[in-house]
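# Fold and geometry: a report
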Amino acid sequence: MSLTDQLREKNEVSSSPVVTGGERQGLSIKDTDFLLKVLMKSTFVGSEIEQAYSVISKLAEIHRRKIEG
């Protein structure tokens, strides 16, 4: 497997629920909307820009899938 393939696999979008106290808890539409709003109001500099773009893109995809149901 090439390095590019390994990076793609590592960065695949996943919205699997978190297990807390034995119960599965995922992000709701309200949660993802809130996080996107907070991130869009944030300021990023230098090397943070690429990571921020990646995170925002993944979160936006999760949010879009939740809205489309």
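## Some thoughts on the side chain of Thr32
In this structure, Thr32 sits in helix 2 (residues 29-41). Take Thr32: its relative accessible area is 0%, and that puts it in the buried class. There is a polar contact of 3.0 Å between the side chain of Thr32 and the backbone oxygen of Ile29. Residues in contact with Thr32, not counting those within four places in the same chain, are Leu27, Leu59, Ile62, His63 and Lys66.

## Here's the deal with helix 3 (residues 48-68)
When the terminal C-alpha atoms of helix 3 are compared, their 30 Å separation across 21 residues agrees well with the 30 Å that a helix rising 1.5 Å per residue should span. Restricting attention to buried positions, one finds in helix 3 the residues Ala52, Ile56, Leu59, Ala60, Ile62 and His63. For helix 3, the angular spread of buried residues about the axis comes to 165°, placing them on one side. Among the exposed residues of helix 3, those pointing more than 90 degrees away from its buried face are Glu50, Gln51, Tyr53 and Glu68. In this structure, the buried residues of helix 3 make contact with helix 2.

Calculation rules
Residues numbered from 1 in each chain as written. Predicted model: local features only at pLDDT ≥ 70, side-chain atom pairs only at ≥ 80, totals over all residues. Heavy atoms only, no water. Helix = DSSP H or I, 4+ residues; strand = E, 2+ residues; numbered from the N terminus. Buried < 20%, exposed > 50% of the residue type's maximum accessible area, 1.4 Å probe, protein only. Polar contact = N/O pair within 3.5 Å; in protein donor to acceptor, adjacent residues only side chain to side chain. Contact = heavy atoms within 4.5 Å. Expected span 1.5 Å × (residues − 1). Arc of directions from axis to C-beta.

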